[in-house]
Amino acid sequence: MWETNGLLGAILTQKLPNHPKEIQHLCTMQVHNFSAGPCILPQEVMQQAAEAVKSFGPGGLSLIEMSHRSKEFVAVMEEARALAKSLRDLPDRYEVLFLQGGASLGFLTAAYNLLPENGSAHYVDTGTWANNAIKEARHLGEIDVLASSKETNYDHIPSFDAPRGGSYLHITSNNTIFGTQYAQLPKAPVPLVADMSSDIFSRSFDAEDYALIYAGAQKNMGPAGTVFYAVDPDRIGKTGRNIPSYLDLNVHIKKESMFNTPPVFSVYVTLLMLRWMRDQGGLEAMQSRAAARAAAMYNEIDRNPLFVGHAEIGSRSQMNATFRLAEGVDGAAFDALWAEAGISGIKGHRSVGGYRASMYNALPLESVQVLVSTMQHFEQHHG
Ligand SMILES: Cc1ncc(COP(=O)(O)O)c(C=O)c1O
């Protein structure tokens, strides 16, 4: 790894003559992609996606130039919905949808489908995205913020008593920006609604607790462009609201996720990713891969005196590790080192600063080991 990455570093800093083919090869094969999203996908998924863009349907039609009503694409949508349901082990009655609008439209969709006229709901404020969910839901009714960790720059998941009233409790299971995650998902006497954009398909939990789960695909399950919804049809559509068609989950359920033209490319690549997860051993395998990556990363953050973690230990995310340099440490040499090692996407979000290593389902443990070695190398050569 180090040898090849040294070569990559040399090429990138132009110590070697230009060899476009080699550069292309090293860049696609050797970048350790820690991007927070859109993010890393497995090479084999990327290759199959590229093939499908070239030729997919009858007569060699491209996936992105054929009808979404064709039997080939209908089969893609059906398999993606069924596979997501079985991989996540959702109860039979649940419906899976792949819609557009990002998780950001999910904030509003959740409220439209679950918050009755003149009703109220409870939200937990664990960061930027949770806040956006609150803002959107407030267009439609009374929102009680049960707990917030804003005062400490969202460095932990706040504790709270489960609400007894209200229509639902909304949580953001993993906070991408701040690097926190519910170690234990809450239980409540009211239905749960969750934005699981950055930890979907990385661990198992009892889906029966949830009236609705939504997640932008672009972190753990595919490319940007589609949003995964898992809906309990028995618990939605009782709001008494006139819901605009696209925001009405019952409309999408009736139309089997084909109410309008679906994002065909994103749904297909998501299907490839779902197959990849199944072939790796399903949710159990994703869960143990995530645990191994997180253990390697946090061990180093805790061991290395030059780095400090952002999130409190009990709230640490297995998906996004946020950390910064210890007081007074100049990071210029570290920044040069990780760039040389082929590491990409670890600059922290502006609201936290420092670094963020996003370790989604497709990230190999090997990439985390390269980052850990780089941190150790920095420590050894630090003046
Ligand atoms: C937890 C979480 N929720 C929501 C969003 C917003 O997703 P989108 O860009 O798909 O609207 C993000 C984006 O990073 C996120 O991390």
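Refer to the structure above for everything that follows.
Residues numbered from 1 in each chain as written. Predicted model: local features only at pLDDT ≥ 70, side-chain atom pairs only at ≥ 80, totals over all residues. Heavy atoms only, no water.

> What is the right way to look at the pattern of salt bridges in this model?
Pairing is possible between side chains that carry opposite charge, provided their charged atoms lie close to one another. Throughout the structure, instances matching the rule amount to 16 salt bridges. Aspartate 232 is paired through a salt bridge with arginine 235; the nearest N and O atoms lie 2.7 Å apart. What makes aspartate 232 buried here is its relative accessible area of 1%. By relative accessible area, arginine 235 is classed as partly exposed at 26%. One salt bridge connects lysine 347 with aspartate 335, and the closest N-O pair in it is separated by 3.4 Å. On the criterion of sequence distance, the pair formed by lysine 347 in the loop between strand 13 (343-344) and strand 14 (355-358) and aspartate 335 in helix 10 (residues 332-340) is long-range, its members being twelve residues apart. Given the relative accessible area of 23%, aspartate 335 is considered partly exposed. (Salt bridge = Lys/Arg side-chain N within 4 Å of Asp/Glu carboxyl O. Buried < 20%, exposed > 50% of the residue type's maximum accessible area, 1.4 Å probe, protein only. Helix = DSSP H or I, 4+ residues; strand = E, 2+ residues; numbered from the N terminus.)

> Looking at this structure, how should I read the site of the ligand?
Taken together, the neighbourhood of the ligand is formed by 13 residues, with Ala103, Ser104, Thr176, Asp195 and Lys219 sitting nearest. The separation between an oxygen atom of the ligand and a polar side-chain atom of tryptophan 129 is 3.3 Å. Between an oxygen atom of the ligand and a side-chain N or O atom of threonine 176, the distance comes to 2.4 Å. Burial of the ligand by the surrounding chains reaches 85%, relative to a free accessible area of 400 Å². It is helix 5 (residues 102-114) that contributes the most residues to the shell around the ligand, four residues altogether. (Near = heavy atom within 4 Å. Polar contact = N/O pair within 3.5 Å; in protein donor to acceptor, adjacent residues only side chain to side chain. Areas by Shrake-Rupley, 256 points an atom, 1.4 Å probe, with all protein chains shown as cover.)

> Can you walk me through the sheet that holds strand 3 (residues 120-125) in this structure?
Hydrogen bonds along the backbone pair up the strands of a sheet, which may run parallel or antiparallel. One open sheet accounts for seven strands, arranged 2-10-9-8-5-3-4; its pairing is mixed. With partners counted over all chains shown, the strands left at the sheet margins are strand 2 (95-99) and strand 4 (142-148), one partner each. Across the sheet, the mean angle from the axis of one strand to that of its neighbour is 20 degrees, orientation sign disregarded. As paired strands, strand 3 and strand 5 (residues 169-172) are joined by two bridges and run parallel to one another. Bridge assignment links tyrosine 123 to a residue of strand 5, and that residue is histidine 170. In the packing of helix 4 (residues 71-87) onto the sheet, contacts are made with strand 2 and strand 10 (227-231), and the angle to strand 2 comes to roughly 125 degrees. Against the sheet, helix 6 (residues 128-137) makes contact with strand 3, strand 4, strand 5, strand 8 (192-195) and strand 9 (210-216), and its axis sits at roughly 160 degrees relative to strand 3, the strand it touches most. (Pairing = 2+ DSSP bridges. Axes fitted to C-alpha atoms, helices over the stretch in contact; angles between N-to-C directions. Contact = heavy atoms within 4.5 Å.)

> Would you mind showing me how to read the packing of helix 3 (residues 43-54) against helix 8 (residues 264-280) here?
Two quantities define a packed helix pair, namely the angle between the axes and the distance from one axis to the other. Relative orientation of the contacting elements helix 3 and helix 8 amounts to 145 degrees, with a least axis distance of 10 Å. As helix 3 packs across helix 8, the resulting crossing turns out to be right-handed. Where helix 3 approaches helix 8, its residues Glu44, Val45, Gln48, Ala49, Ala52 and Val53 are matched on the opposing element by Phe265, Tyr268, Val269, Leu272, Met273 and Trp276. Classifying every residue of the contact of helix 3 with helix 8 gives ten nonpolar, one polar and one charged. (Left-handed = near helix turned anticlockwise from the far one by under 90°. Nonpolar A, V, L, I, M, F, W, Y, C, P; charged D, E, K, R; others polar.)

> Can you help me understand helix 3 in this one?
Note that an α-helix has 3.6 residues per turn; residues three or four places apart therefore point the same way. If you check helix 3, its first and last C-alpha atoms are 17 Å apart, about what twelve residues at 1.5 Å a residue would give, namely 16 Å. All buried positions along helix 3 are accounted for by Val45, Ala49 and Ala52. Axial view of helix 3: buried residues confined to an arc of 60 degrees, hence all on one face. (Expected span 1.5 Å × (residues − 1). Arc of directions from axis to C-beta.)

> In this structure, what is going on with the environment of alanine 326? I would like to understand it.
Mapped onto the elements, alanine 326 comes out in the loop between strand 12 (320-325) and helix 10. Each C-alpha atom of the pair alanine 326 and asparagine 304 lies 9.6 Å from the other, and the pair is 22 residues apart in sequence. If sequence neighbours within four positions are ignored, alanine 326 has contacts with Pro305, Leu306, Phe307 and Val308.

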